[in-house]
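Breakdown of the fold
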Amino acid sequence: MSNSKEALLNRLAQCVVEMEDEIVVDIAKEYIENDFDAYEGIAKGLACGMEEAGKLYEEEEYYIPELLLCSDAMYEGIDILKPHLKKDDTKESYKAVVGVVEGDTHDIGKNLFKIMLETSGFEVYDLGRDVAPVDFINKAKEVNADVVGLSTLMTTTMDNMEVVIDLLKKENMRENVVVMVGGGPISQSFADKIGADGYAYEASKSVKLAKELVIKKRAKHKEVV
Ligand code: B12
């Protein structure tokens, strides 16, 4: 079989869809041995496979057990690719607090967002899933975070993003942090409505934006001081 980059990316995605948690390790190793970019392997290979698995669930071809096996395969692949991610050697240090909002336990997208931030030079504090609003605030305060990244996959929990933003305002912290939001039901218009700073449809597209927003915020802060 061809081992072009495109072919290997397709096979990484296919392994996730087909729950191949052993073969995915071999393909990921082959991908790295060919000197292909690990970041793309995750974003354009494994993550695409997980998105495809999500579609099969919606079409009732897959059920919960299949989905969990798909995510196992995705994480096996990530374990091989992650050590090969090129770290951004920026001199600036950036800190992000990330988590899935209260009531929601879907964390695959949040985990991808976290990996993308880490490769881009962010120090990431991951609060996990089903996180109470006050926990975001406390952690952001403790580490002096530049970014608070909120994820949710459910329409029933998306309003908890606004609760976090309101709490940041109440604690006089809103001007100091960039709030990024994302996940299935989130859109740019929802992000605008709740007063978030940034939204991205895909985790891989969000990191450049996160950095730009932090740089802008820091510059604004300097002007004020
Ligand atoms: C996998 C999955 C599960 C897994 C979750 C495993 C895990 N550890 O995450 C399991 C099987 C456990 C599960 C459980 C449930 N699920 Co479910 N699940 C899904 C499914 C099929 C795929 C989600 C996924 O992982 N996609 C792949 C990832 C890579 O995509 P993503 O999360 O969207 O992330 C990408 C972007 O959104 C973005 N992103 C994500 N977060 C962030 C954050 C920031 C800051 C940024 C910038 C970007 C970003 O970047 C990511 C990569 O590009 C979706 C349907 C779907 N197609 O989305 C339903 C879905 C989300 N689930 C749903 C439901 C209802 C449930 C349950 C309530 C079912 C039940 N009756 O028990 C429970 C949840 C219980 C709870 N309270 O949390 C519904 C939600 C409906 C709604 N109200 O909106 C959905 C939409 C299915 C449906 N159509 O009914 N689920």
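Because the structure is predicted, anything quoted here is derived from the model rather than measured. (Residues numbered from 1 in each chain as written. Predicted model: local features only at pLDDT ≥ 70, side-chain atom pairs only at ≥ 80, totals over all residues.)

**Focus on the site of the ligand**
Surveying the vicinity of the ligand reveals 38 residues, the closest of which are G54, G109, S151, G182 and A203. Of all the elements in the fold, those that place two or more residues in the shell around the ligand are helix 3 (38-58), helix 4 (64-81), helix 5 (108-119), strand 3 (147-151), strand 4 (178-182) and helix 9 (203-224). The leading source of residues in the shell around the ligand is helix 3, at 7 residues. Looking at side-chain class alone, the shell around the ligand contains 17 nonpolar, 14 polar and 7 charged residues. Counting contributing residues, the shell around the ligand receives three or more from each of domain 1 (5-84) and domain 2 (94-224). (Near = placed C-beta within 6 Å. Helix = DSSP H or I, 4+ residues; strand = E, 2+ residues; numbered from the N terminus. Nonpolar A, V, L, I, M, F, W, Y, C, P; charged D, E, K, R; others polar. Domains from an automatic or database assignment.)

**So, the packing of helix 2 (residues 23-33) against helix 4**
Running from amino to carboxyl end, helix 2 crosses helix 4 at an angle of 30°, the nearest separation of the two axes being 9 Å. With respect to helix 4, the element helix 2 is oriented roughly parallel. Judged by the twist between their axes, the crossing of helix 2 over helix 4 is right-handed. For the pair helix 2 and helix 4, contact is made by V24, V25, A28, K29 and I32 and by A73, E76, G77, I80 and L81, respectively. Broken down by class, the residue content of the contact of helix 2 with helix 4 amounts to 7 nonpolar, 1 polar and 2 charged. (Axes fitted to C-alpha atoms, helices over the stretch in contact; angles between N-to-C directions. Parallel < 35°, antiparallel > 145°, perpendicular 65-115°, else oblique. Left-handed = near helix turned anticlockwise from the far one by under 90°. Contact = placed C-beta atoms within 7 Å.)

**Some details on helix 4**
If you check helix 4, its first and last C-alpha atoms are 26 Å apart, about what 18 residues at 1.5 Å a residue would give, namely 26 Å. For helix 4, every residue scored as buried is listed here: C70, S71, A73, M74, G77, I78, I80 and L81. Structurally, helix 4 contributes buried residues whose contacts are with helix 1 (5-17), helix 2, helix 3 and helix 5. (Expected span 1.5 Å × (residues − 1). Buried ≥ 20, exposed ≤ 12 C-beta atoms within 10 Å, placed from the backbone.)

**Considering the environment of G41**
Here G41 is to be found in helix 3. By the C-beta count within 10 Å, which is 26 here, G41 ends up buried. In this structure, G41 is in contact with L9, L12, A28, Y31, F36, L46 and L81, ignoring residues within four places of it in sequence.

**As for the domain arrangement of the protein**
Taken as a whole, the protein is organised into domain 1 (5-84) and domain 2 (94-224). Placing the centre of domain 1 and that of domain 2 at their C-alpha centroids yields a distance of 26 Å. Contacts between domain 1 and domain 2 engage 8 residues on the former and 5 residues on the latter. At the level of elements, helix 3 and helix 4 are the ones that each hand at least two residues to the side of domain 1 that touches domain 2.

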